[in-house]
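# Working through the structure, step by step
For reference, the chains in residue letters:
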There are 2 protein chains.
Amino acid sequence: MRVGIARERLLGERRVAATPETVRQLVGQGLDVSVESGAGAAAGHSDAAYAEAGAEVVPALDPAGVDLLAHVRPLHPATAAALRPGAVTVGLASPSTELPTVRALADAGVTAFALELVPRISRAQSMDALTSQALVTGYRCVLEAAIRLPRFFPLYMTAAGTVPPAKVLVLGAGVAGLQAIGTAKRLGARVSANDIRPASADEVASMGGTFVHLDVDSAEATQAAGGYARELSADRGALQRQLLAPHVAEADVLITTAAVPGRRAPLLVTRDMVAAMRPGSVVVDMAAESGGNVEGSVPGEDVAVQVAGGAGEVTVVGLKDAASAMPADASRLYAKNVANFIELLVPQGPGDGGEIRPDFDDEVVAGACLTHAGEVRHEPTAEALAAL
Amino acid sequence: MRVGIARERLLGERRVAATPETVRQLVGQGLDVSVESGAGAAAGHSDAAYAEAGAEVVPALDPAGVDLLAHVRPLHPATAAALRPGAVTVGLASPSTELPTVRALADAGVTAFALELVPRISRAQSMDALTSQALVTGYRCVLEAAIRLPRFFPLYMTAAGTVPPAKVLVLGAGVAGLQAIGTAKRLGARVSANDIRPASADEVASMGGTFVHLDVDSAEATQAAGGYARELSADRGALQRQLLAPHVAEADVLITTAAVPGRRAPLLVTRDMVAAMRPGSVVVDMAAESGGNVEGSVPGEDVAVQVAGGAGEVTVVGLKDAASAMPADASRLYAKNVANFIELLVPQGPGDGGEIRPDFDDEVVAGACLTHAGEVRHEPTAEALAAL
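## What to know about the environment of Ala 55 of chain B
Looking at the secondary structure, you find Ala 55 of chain B in the loop between helix 2 (47-52) and strand 3 (56-58). Apart from residues lying up to four places away in sequence, Ala 55 of chain B is in contact with Val 23, Val 33, Val 35 and Tyr 50 of chain B.

## Digging into the pairing of strand 10 (residues 190-194) of chain A
All names here are of chain A. By the bridge criterion, five bridges tie strand 9 (residues 167-171) to strand 10 in an arrangement that is parallel. Bridge pairing in strand 10 places Val 168 opposite Val 191. Viewed along the sheet, the connection from strand 9 through helix 6 (residues 175-186) into strand 10 turns out right-handed. Two strands pair when backbone bridges link them, and strand 10 and strand 11 (residues 210-211) are joined in this way by two bridges, in the parallel orientation. When the bridges of strand 11 are listed, Ser 192 appears paired with Thr 210. Crossover strand 10 to strand 11 through helix 7 (residues 200-206) is right-handed.

## What about the pairing of strand 5 (residues 88-91) of chain A?
All names here are of chain A. Across the two faces of strand 5 the burial is the same, with Val 88 and Val 90 and Thr 89 and Gly 91 all buried. Strand direction decides the pairing type here: strand 4 (residues 68-70) and strand 5, joined by three bridges, are parallel. Within strand 5, the residue paired with Leu 69 across the bridge is Thr 89. With four bridges joining them, strand 5 and strand 6 (residues 111-114) adopt parallel strand pairing. Counterpart to Val 90 in the pairing with strand 6 is Phe 113. As for the winding sense of the linkage, the β-α-β connection from strand 5 through helix 4 (residues 99-107) to strand 6 is right-handed.

## Side note on the sheet that holds strand 1 (residues 2-5) of chain A
Residue and element names in this part refer to chain A. Here we have eight strands laid out as an open sheet, ordered 3-2-1-4-5-6-16-17, and mixed in their pairing. Looking along the sheet, the strands with just one partner apiece sit at the ends: strand 3 (56-58) and strand 17 (375-376). Sheet topology note: the strand 16 (residues 369-372)/strand 17 ladder contains two bridges and is antiparallel. Within strand 17, the residue paired with Thr 371 across the bridge is Val 376. Against the sheet, helix 4 touches strand 5, strand 6, strand 16 and strand 17, its axis set at about 45° to strand 16.

## Points about the packing of aromatic side chains
If you walk through the whole model with that rule in mind, you get eight aromatic pairs over all chains. Look at Phe 113 of chain A and Phe 360 of chain A: their rings are 6.3 Å apart centre to centre, the planes differ by 25°, and that puts the pair in the stacked class. Of this pair, Phe 113 of chain A sits in strand 6 while Phe 360 of chain A sits in the loop between helix 10 (327-345) and helix 11 (363-368), and the two are 247 residues apart along the sequence. Given a relative accessible area of 1%, Phe 113 of chain A falls into the buried group. For Phe 360 of chain A, a relative accessible area of 25% corresponds to the partly exposed category. Ring plane angle 55° and centroid distance 5.1 Å describe the contact between Phe 113 of chain B and Phe 341 of chain B, whose orientation is recorded as tilted. Residue Phe 113 of chain B is found in strand 6 (residues 111-114), and its partner Phe 341 of chain B is found in helix 10 (residues 327-345); the two are separated by 228 residues along the sequence. The same class applies to Phe 113 of chain B as to Phe 341 of chain B, namely buried. Through a chain of ring-to-ring contacts, the aromatic side chains of Phe 113, Phe 341 and Phe 360 of chain A assemble into a single cluster. One residue, Arg 377 of chain A, lies across the ring of Phe 360 of chain A, its end atom 5.3 Å from the ring centre.

The rules behind these values
Residues numbered from 1 in each chain as written. Chains lettered and ligands numbered in written order. Predicted model: local features only at pLDDT ≥ 70, side-chain atom pairs only at ≥ 80, totals over all residues. Heavy atoms only, no water. Helix = DSSP H or I, 4+ residues; strand = E, 2+ residues; numbered from the N terminus. Contact = heavy atoms within 4.5 Å. Pairing = 2+ DSSP bridges. Right-handed = clockwise from strand over helix to strand, strands pointing away. Buried < 20%, exposed > 50% of the residue type's maximum accessible area, 1.4 Å probe, protein only. Axes fitted to C-alpha atoms, helices over the stretch in contact; angles between N-to-C directions. Phe/Tyr/Trp six-rings, centres within 6.5 Å; stacked < 30°, edge-to-face > 60°. Lys NZ or Arg CZ within 6 Å of the ring centre and 35° of its normal.

If you want it as structure tokens, here you go:
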């Protein structure tokens, strides 16, 4: 059966769903692989490298000609509609925001797997694209902050005096937040962090950060199923911001990473809190694309916020496509996630080989399934579609 | 006597020659200080902060009204001409490229001190602006590389496989080069480095880098007076490039820092050597403003070089104003260098105070003097002017 790898069509998307390395892996599974010409160019992979790995390189990939279409960004509804009934898709599907595509996938009888829905169990870690891409984003956001900061991150003791290290505050200690903590620490900053899940204190410490304990009543269980953070109630959110304010004011760099999958990101930092920072400080809002943790952040743009008193500005960076900005390693990890998931769809018994036949008794396969046989299998998405 | 701090006039220059901290130091020496409004804005210092430190903040600084003018960039000849006879200047003067200003300073009877000329002896380290600004540039160039590289610097061991660390090659192991080595190492890269001074091997190792030994005949003494590198002869330069080529081809990031003060930077890397790198690789040429270590680099611009075979591009960054891009800490160190030098000009005996009276018996004062009493005191500059 044939796996197709298209050139990503979204403007600014530089990743690719397969590398020559994963093409070898798929071919080793008995699959045929078609790669659209130029698909890997931005990630550093030439057509020749794909061909050498065993792929057929085609000038334009016809969705109707493949049994499985692997992708990075959610498909366009028209692409979904062009797939054959029974065809399989594997990639990031962003079901909560891409309902028209989900509808088109179901209508076309496609078996669509959304990597966002891969259960967070150890066996599926190697297919967890949210984690692999969050690693890239967490590293990247520190570089974005460091290059804009008018100061050093590390402490320097020089003949002309001692330069104290920059103070970095990270809000949200998921994969991206922990990675940001570790990277800022590597670069020599003094790093502190907060997360509404008290359990994250140890993880913050293990990356070299100091956990900021906020006195928000922790009676509510804030640890939700699946390890993700749940939303705080409005009152608790206001209390949280109030307690965070002095920590934000003291930071040279603030990095916010608090996202609630499928929902608007929580507002952690108001404009007034930003304006209370020192001139030249930098804020990176990693959740800018999902509504923003920081009031006034704009995805893909730097916004200058006048400090209180008017003696300078704070730069608020609305992070966008951060993983795509490091397409080589982001693709390396993502393609591996995709190939590992596809491998799960290929029965491994004696006499098997080269067949894509999802086993829905497997909790990873069932959990990641978005549409199958004309139906939307993911409950929250089915409900959202029904509510339209 | 009155010290003046002007707003820097050069486009893109964001540093300032005094901070509120150094204003306090100068006022403590019995000096009056005038600061031009807005002079410290880009470096994060408000007019109010200067006033609080004891400076008089003036809407526009009149060069004719001060006894000592401190500056970052070389003065404009018109500014030099407007100074009072007997006035003193302290700052970077770039004598080899700013001959008209040197002439104007001499003609105006100004006593000009060029911080580039401060002798490299331990007592003068705290006034060594080349070193303090090279520290900033060395750190900065690594960020400029990291943010453009489509890969991570550090090694990551993830559920989706191991990502090897980036390979960084640094050419030139002066202050900036060593700082680049240390910063790239901090970020987790595998770093190697070369310098034509064999003595630098230990320094490279102490920053965590691996010294690349080239088999260039080292019979010529390459360690020149003052600790700076001398130029290689043309033949030796070609041999050096030939020996460097395989190391360049293997690097993900190449940083070149080889500058010869007052001369054109040596060409270390040809376009062919760049084209032999992998697609996505990044080259930062720190010497772009003085002719470039890398063929085809353009100061202040990114140049894309097609790799041999045409399967991608290498980005060649012509670094420009790197210290100015981190104006807060660059100014912190620079202003301290300036204030320490000014302190040297103020006699410290009982009954003294607030007088600026250079003692030319002091080797630091004499060494740093560019013009005095109508004469150009720096021999090479005097010769260059005579040759015009």
